[in-house]
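Each chain is listed here by its residues.
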Amino acid sequence: MKLRRVLLTMNPELSDRIYGSHFDYHTYFIGYYLSMQVRKLKFETDGTFDSIIIEVGKESTSVERHFLDNLIVNLPFDFEFYDNATQTQKYDYYLDLIRDGLQLASEHKNIPLVELENLITSLVDNNFIYTWNFKNIRVAEYNLKIKFTCQLSTDDFIIRMVALKNKVSEPVCEGVVIRTMPDYIHFRNVPKNIQIKNDRICFFDSFGDEMLTIGLKNIIEGNLIIDYSESPYPEGSEMTRLFKHFQETLRYDNNDFIAESY
């Protein structure tokens, strides 16, 4: 059994569910980054766990094994400090909690402690932003090379576009194309099918529906203008409502993580 996940989360039994939810959103990027990277280590556990879940907000420190192959590390949490901390202090506190949790886990199980510490250091070096490539496309007609990059942070998940003309070092256009809440449940369905049609970059969802477009002529002029496509379904139908809701999730603009019901 290989180690596949390392997560930092608030005690699910906390009475203030909204508080816990906000904490989990803000720390999700760390767990996602560590989980994606630790899988590359292909570290074999003793066969009793494939995940290390560090739960904070508990009254005492302990380590327990959950029946779902999770090694759960329980840690206390300084609510007063956290509520009054600056963003930099919160980052440091997140890492202190993770390091404490991993150290405690290592006292009970064999885990790649040094490698995990190196991964944490790498995230710090990258300003607490996990970045990975989404897609690169070339548009020969406009002599363009366009790169789409994913960035996951404490506040959001974004897809950023940078457009370069051949033999020109400075971008002719760049900016954020998609922004969602910072959790896989929100960004897992971002449109991955990108096609060039009628002088537009078109993003299609998994059903083949066009969700948004970017005009190539606007890009050449240095303007990133995103147009959200009309629903292909009947007006007033449930499918149109869901289609529009999905588009809304792609332009998230609320750092308080208050999602509208649907």
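To start, this report covers the structure provided alongside it. (Residues numbered from 1 in each chain as written. Predicted model: local features only at pLDDT ≥ 70, side-chain atom pairs only at ≥ 80, totals over all residues. Heavy atoms only, no water.)

### Quick notes on the sheet that holds strand 7 (residues 157–165)
Then, number 1: Read across the sheet, four strands follow the order 5-6-7-8 without closing on themselves; strand pairing throughout is antiparallel. Both edges of this open sheet fall to strand 5 (130–139) and strand 8 (173–180), since each of them pairs with a single strand only. Between one strand axis and the next, the sheet turns by 20 degrees as a mean value, whatever way the strands run.
Then, number 2: In the sheet, strand 6 (residues 144–152) pairs with strand 7 via nine bridges, with the strands oriented antiparallel. Paired with leucine 144 across the bridge in strand 7 is lysine 165.
Then, number 3: The sheet contacts of helix 1 (residues 17–41) involve strand 5 and strand 6, and relative to strand 5 the element is tilted by about 75 degrees. (Pairing = 2+ DSSP bridges. Helix = DSSP H or I, 4+ residues; strand = E, 2+ residues; numbered from the N terminus. Axes fitted to C-alpha atoms, helices over the stretch in contact; angles between N-to-C directions. Contact = heavy atoms within 4.5 Å.)

### Brief notes about the nonpolar core
Then, number 1: Membership of the largest hydrophobic core comes to 68 residues, with the highest contact counts inside it found for Ile146, Phe148, Ile201 and Ile219.
Then, number 2: The leading source of residues in this core is helix 3 (residues 87–106), at nine residues.
Then, number 3: Excluding its chain neighbours within four sequence positions, the residues that come into contact with isoleucine 146 are Lys135, Asn136, Ile137, Val139, Met161, Val162, Ala163, Ile201, Leu216 and Ile219. (Core = buried A, V, L, I, M, F, W, Y, C linked by side-chain atoms within 4.5 Å. Buried < 20%, exposed > 50% of the residue type's maximum accessible area, 1.4 Å probe, protein only.)

### Concerning the pattern of salt bridges
Then, number 1: Counted by the stated rule, this structure contains eleven salt bridges.
Then, number 2: Salt-bridge contacts for arginine 65 lead to aspartate 69; the nearest nitrogen and oxygen are separated by 3.6 Å.
Then, number 3: Under the relative-accessibility criterion, arginine 65 is labelled partly exposed at 46%.
Then, number 4: The salt bridge involving glutamate 238 is made with arginine 241; its shortest N-O contact spans 2.4 Å. Of this pair, glutamate 238 and arginine 241 both sit in helix 7 (residues 238–249), three residues apart, which is roughly one turn of the helix.
Then, number 5: Residue glutamate 238 is classed as partly exposed on the basis of its relative accessible area of 44%. (Salt bridge = Lys/Arg side-chain N within 4 Å of Asp/Glu carboxyl O.)

### A short note on the side chain of threonine 9
Then, number 1: Relative to the assigned elements, threonine 9 resides in strand 1 (residues 5–10).
Then, number 2: A residue is classified by how much of its surface remains accessible, and threonine 9, at 18% relative accessible area, is buried.
Then, number 3: A polar atom in the side chain of threonine 9 sits 3.0 Å from the side chain of aspartate 24.
Then, number 4: Beyond its immediate chain neighbours, meaning those up to four positions away, threonine 9 contacts Phe23, Asp24, Ile53, Ile54, Glu55 and Val56. (Polar contact = N/O pair within 3.5 Å; in protein donor to acceptor, adjacent residues only side chain to side chain.)

### A look at the packing of helix 1 against helix 4 (residues 113–125)
Then, number 1: Where helix 1 meets helix 4, the axes come as close as 10 Å, and the angle between the chain directions of the two elements is 130 degrees. Here helix 1 lies oblique to helix 4, going by the angle between them. Where helix 1 crosses over helix 4, the two elements pack in a sense that is right-handed. When helix 1 is examined against helix 4, the residues Phe29, Ile30, Tyr33, Leu34, Gln37, Val38 and Leu41 are found in contact with a partner set consisting of Glu115, Leu116, Leu119, Ile120, Ser122 and Leu123.
Then, number 2: For the contact of helix 1 with helix 4, the class distribution of residues is ten nonpolar, two polar and one charged. (Parallel < 35°, antiparallel > 145°, perpendicular 65-115°, else oblique. Left-handed = near helix turned anticlockwise from the far one by under 90°. Nonpolar A, V, L, I, M, F, W, Y, C, P; charged D, E, K, R; others polar.)

### Some thoughts on the sheet that holds strand 2 (residues 51–56)
Then, number 1: Taken in spatial order, the four strands line up as 1-2-4-3 in an open sheet, and their pairing is mixed. In this open sheet, the two edge strands, each paired with only one partner strand, are strand 1 and strand 3 (62–66). Averaged over all pairs of adjacent strands, the angle between their axes in this sheet comes to 20 degrees, without regard to strand direction.
Then, number 2: Across six bridges, strand 2 lies against strand 4 (residues 70–75) in parallel orientation. For isoleucine 52, the partnering residue across the bridge sits in strand 4 and is leucine 71.

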